[in-house]
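Fold and contact review
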Amino acid sequence: LNNYAFAGCPNLTSVSFPACTSIEQNAFFWCTNVSSVNLPVCTDIGIRAFCGCTALVSVGVSKCLNLSTGAFTNCYNLKYVSFPNCISIGTNAFANCSNLTSVFLPVCTNVDEGAFSNCHSLTSVNFPVGKSIGYATFSNCSSLTSVSFPVCTSIGSYAFDNCSSLTSVS
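Residues numbered from 1 in each chain as written. Predicted model: local features only at pLDDT ≥ 70, side-chain atom pairs only at ≥ 80, totals over all residues. Heavy atoms only, no water.

1. Quick word on the packing of aromatic side chains
Within the structure shown, the criterion is met by 16 aromatic pairs. Both rings, one in Phe72 and one in Phe83, keep their centres 6.1 Å apart while their planes meet at 45°; by these two values the pair is tilted. Taken together, the residues span a long stretch of sequence, with Phe72 in the loop between strand E6 (66-67) and strand E7 (80-82) and Phe83 in the loop between E7 and strand E8 (88-89) at a distance of 11 residues. Given a relative accessible area of 0%, Phe72 falls into the buried group. Relative accessible area serves as the criterion here: at 1%, Phe83 is assigned to the buried category. Ring geometry for Tyr135 and Tyr158: centres 5.7 Å apart, planes at 75°, overall edge-to-face. One end of the pair, Tyr135, is in the loop between strand E12 (132-133) and strand E13 (146-148); the other, Tyr158, is in the loop between strand E14 (154-155) and strand E15 (168-169), with 23 residues separating them in the sequence. Look at Tyr135 and you get partly exposed, because its relative accessible area is 44%. Aromatic ring contacts, followed pair by pair, group Phe6, Phe17, Phe28, Phe50, Phe72, Phe83, Phe94, Phe116, Phe127, Phe138, Phe149 and Phe160 into a single cluster. (Phe/Tyr/Trp six-rings, centres within 6.5 Å; stacked < 30°, edge-to-face > 60°. Helix = DSSP H or I, 4+ residues; strand = E, 2+ residues; numbered from the N terminus. Buried < 20%, exposed > 50% of the residue type's maximum accessible area, 1.4 Å probe, protein only.)

So this is what it looks like as structure tokens:
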């Protein structure tokens, strides 16, 4: 899907493209009523592709390898994300997803700055092969209690700033 393909379509409620392999920047920017996304073979999600999809609750993108900057920023109702093949998460990819509680990214190696900043409902994070955590990646995640990055070699400044509930780091 090309840049801005469906941007600002307020009545669009679901997205399902079984053969789409790439979503370019701003493709669904501020589609405020999109509540579900199903892109089973998509490997790349572009800059701000779903930014502002405030009704978005579920995302089915099992083949995705890369999430670009701001891909799901301001998706306030997003509760759970699972990207089992994703290796890279861009800057502010999930910033301000205030209802996000759970994240499953088992092969992700790089999480850029601010990727999960202001995700106030996020309680735990486990990136078993994560090597790099950027600047302010989890800042203001006030419900975050535990993090696990067993092979991490780089943690940026302010990565866990204002994570007032954090009790376990490994």
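Okay, back to it.
2. With respect to unusual backbone geometry
The residue Tyr4 is not glycine, and still its phi comes out positive at about 55°. If you trace the backbone, Tyr4 turns up in the segment before strand E1 (14-16).

3. Description of the sheet that holds strand E2 (residues 22-23)
Taken together, 7 strands build an open sheet; the order of strands is E2-E4-E6-E8-E10-E12-E14 and the sheet is parallel. Each edge of the sheet is formed by a strand with only one pairing partner; in this case those strands are E2 and E14. (Pairing = 2+ DSSP bridges.)

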